[in-house]
Amino acid sequence: MDILRRKVEACLHILERSGSSDISWLNEFCAALLEFCTLVHSAFISNKRRASAEMVCLCLSQIMTCIRQLETTMKLGCGASSSASRQYFLDRIRWCLKRLVHLHTSAADPAAGAPERLFLQLLDCTLDALKQFSAPDDRCEFPFGRSELNEDLMATSKQLRANIDTILGQTLGFANVSLAQDKRALSALCQKVARECNAFQDECSTRCRANLKLKALTLEQALSQLEDFINDALLRLVFTCFVDFEKLSVDKIRNVLRDSLESSNEDLADELIADFDVNIDRATQIGIFAIAFAPNIKVKTRIRSCLASFESLDTALIPSLQSKGADLHSEILEQHFSEEVNIFKTALQEIIDSRAFVGCYLEILTAGIADAEKSLSKQRLHDLSQMALLLLEHFQLDVNRQTIPETRDPKEAEYFEQFIRILRECKAILMCASQVEPQRIIKRFKVLRTVLRKLHNSLGVGKPAEGNGMPMAAEPVSMDGSPGELNTFSGLTSDRTSILYLTERRSRTNRPKGHQTETDSADIHLRNQKPVRSKFLKLLQYSALAFKKCVSGQSLRTAMFKRQNILESRKLYTTITNQSADLQITGE
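Remember, it's a predicted structure, so these values are computed and weren't measured experimentally.

Visitor: How do you make sense of the overall build of the protein when you look at a structure like this?
Guide: Along the protein, the regular secondary structure elements total 21 helices and zero strands. Looking at the 588 residues of the protein, the share that counts as buried comes to 52%. A fraction of 83% describes how many contacts in the protein between residues 6 or more apart in sequence connect residues 24 or more apart. Carbon and sulfur atoms make up 51% of the accessible area of the protein, which totals about 27,900 Å².

In structure tokens form, the structure reads like this:
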């Protein structure tokens, strides 16, 4: 540990000489960093530093990203703008090195670099523990009626409550940035889980076996319903967030800011910046969930590194656009931001399940067509076509392209080619929408939906294809309930957590009222809870290396993100090969 710390301190010492215009210091720095990486790799192999592996990988990834940007910046000269960019990347490297020094200090908290307790892993552990209460009497591990074990029962109940506090806290954080149609449902589901958890805890004090089993089953159902809805809402948010990256581009904000200086009208600029902030928050929430689905530490680090870059740029990018004489600095940061967005989008596209992605778009497309039939909106149809382009990008990746021919049927490739053709037609007809009858425009999008249904049905295991190929709706969510049910809960927080950098949200402008959510009133600061001990808590202990998965009914997460289901895909495909009809342009 001491030798690792000394290597990092050597890197910091070299960094202090970065004021010179000579690039030789950077070569020396990279050589010292390579020595540190070699030692860290050996420590990982010997399992000596596994607890802090993810944070170390994140810091190293950020350092390498900043080095690449720094090299580009140093080639631009020594002007004021390039100096500001250079200092920005140097400060980030220095921050990461100091974080590494802390991680490799013997007095540091061992948990400082440990991976966070992710939503899905906490949910799995909680559901596993609840099954011990709802299991048949002959398989129940809790010997009810023995007074000496009542303390263990209550301790387990308290730990379940602490886990659900964390689950609801992260759900509220997601709800704060989710789509408008999902916010109220998420709030209602959180209230339902809180209500059922309170009832379960009350029943634990009575220790009535039959009633406790019923309350455990009800709480299980509420948690499963919450998870299912989050899975669907998350995919809907991915489409919106990715499209908004294009609609709320940095270049567009720059132009609006310039126009606002000339016209003295800052309202449009403030609104655009507020929307940009919201989209960054959405990307962060999507990334936090995506980390839980990532198959290995390499993919996790890619996603975390992008989120860390967003976190840092969040306090620098827009202010650079607002500063006079900082055009070059803002362009450098814009290029960095665009690169990180592309890496982030690619990483997510690699782990999102193809069939679920297509199925989610089918839902969005169907709703958009229904709205267009009532009132045609060219902008809305344009957004639908941009979302369809995300599907095209998804299947252009090699790892996703393999899902099309894996059943070895030429019809699947034909459906994909039809999808490309009709998407081109949709975009072409939108370009001359003013000269075309609305029904002809809508008809093109209906044909697009027909083709996607066929492609969706041919992609293998996922959500059951029901009739029109759309995923079945979850159990209706009651919108009744008061936020007070969450206010009385023991400890919830939807505060924005730090990925790496301790930055504060810039206060350039107040967000419009439309960005406030119903869950804002439910935010409560997480209070410290004393650890509880019980020999029945083994199911609740989280391990980043091996955690126990829920063994009950199959979760929708297995449909949303990739799993090892090739054999199941091939078996299912034999039952649906002949179900697709020929393309009918006038069928709808």
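Visitor: Help me understand the side chain of Arg 282 in this model?
Guide: Note on placement: Arg 282 falls in helix α10 (residues 267–293). Residues in contact with Arg 282, not counting those within four places in the same chain, are Val 177, Ser 178, Leu 179, Leu 237, Thr 240, Cys 241 and Asp 244.

Visitor: Before we go on, may I ask you to explain the packing of aromatic side chains in this structure?
Guide: Geometry of an aromatic ring pair is reported as the spacing of the ring centres plus the angle between the planes. In total, this model carries 15 aromatic pairs according to the counting rule given. Summarising the aromatic geometry, the rings of Phe 133 and Phe 200 are spaced 5.1 Å apart at their centres and angled 90° between planes, so their arrangement reads as edge-to-face. With Phe 133 in helix α5 (residues 119–134) and Phe 200 in helix α7 (residues 180–206), this pair connects stretches of sequence that are 67 residues apart. For Phe 133, a relative accessible area of 0% corresponds to the buried category.

Visitor: In this structure, what is going on with the pattern of salt bridges? I would like to understand it.
Guide: Pairs can form between side chains of opposite charge once their charged atoms are near each other. A full pass over the atoms with the stated rule returns 19 salt bridges. Taking the shortest distance from any N to any O, the salt bridge between Glu 54 and Lys 300 comes out at 3.8 Å. With a gap of 246 residues between them, Glu 54 in helix α3 (residues 53–74) and Lys 300 in helix α11 (residues 297–313) connect regions that are remote in the sequence. Across the pair, Lys 300 and Glu 54 agree in class, each one buried. Linking Arg 302 and Glu 350 is a salt bridge whose minimum nitrogen-to-oxygen distance equals 3.1 Å.

Visitor: Even after reading the chapter, I still don't get the environment of Leu 317, so can you show me in this structure?
Guide: You can see Leu 317 is positioned in helix α12 (residues 317–322). With 19 residues separating them in the primary sequence, Leu 317 and His 336 have C-alpha atoms 9.8 Å apart. With near-sequence residues (within four places) excluded, Leu 317 lies in contact with Val 250, Phe 276, Ser 330, Leu 333, Glu 334 and Phe 337.

Visitor: What is the right way to look at the nonpolar core in this model?
Guide: For soluble globular proteins, the rule of thumb is that nonpolar side chains tend to be buried together. Counting 158 residues, the largest nonpolar core has Phe 29 and Phe 419 as its most contacted members. Per-element tally for this core: the top contributor is helix α8 (residues 209–247), with 18 residues. In this structure Phe 29 touches Cys 11, Ile 14, Leu 15, Ile 63, Ile 67, Ile 93 and Leu 97, once residues within four positions along its chain are discounted.

Visitor: Looking at this structure, how should I read the environment of Glu 54?
Guide: For Glu 54, a relative accessible area of 13% gives the class buried. C-alpha separation for the pair Glu 54 and Arg 304, spaced 250 residues apart in sequence, amounts to 9.3 Å.

Visitor: I'm lost on the environment of Val 177 in this one. Help?
Guide: Summarising the element assignment, Val 177 is placed in the loop between α6 (150–175) and α7. Sequence spacing of Val 177 and Arg 282 is 105 residues, and the spatial spacing of their C-alpha atoms is 5.6 Å. Discounting residues that sit within four places of it in the chain, Val 177 has contacts with Leu 237, Asp 281, Arg 282 and Gln 285.

What counts and what doesn't
All residue numbers refer to position in the chain's written sequence, counted from 1. Per-residue local features of the predicted model are confined to residues with pLDDT of at least 70, and side-chain atom pairs are confined, for both listing and counting, to 80 or more; whole-chain, interface and lining totals are unaffected and use all residues. Only hydrogens and water are set aside when side-chain values are computed; all heavy atoms of the structure are taken into account. The helix and strand labels rest on DSSP assignments: H or I over at least four residues marks a helix, E over at least two residues marks a strand, and numbering proceeds from the N terminus. Burial here depends on accessible area, computed with a 1.4 Å probe over protein chains only, as a share of the maximum for the residue type. Under 20% is buried, over 50% is exposed, and the range in between is partly exposed. In this analysis, two residues are considered to be in contact whenever any of their non-hydrogen atoms come within 4.5 Å of each other. Areas reported here follow the Shrake-Rupley algorithm with a probe of radius 1.4 Å; residue values treat only the protein chains shown as occluding. Only rings of Phe, Tyr and Trp enter the pairing, Trp through its six-membered ring, and a pair is recorded when the two centres are within 6.5 Å. The plane angle decides the type: under 30 degrees is stacked, over 60 is edge-to-face, the rest tilted. We count a salt bridge whenever a side-chain nitrogen from Lys or Arg sits within 4 Å of a carboxyl oxygen from Asp or Glu. Within this scheme, the nonpolar core is defined by two criteria: the residues are buried Ala, Val, Leu, Ile, Met, Phe, Trp, Tyr or Cys, and they are joined through side-chain atoms within 4.5 Å.

Worth remembering: the numbers are spatial, not functional.
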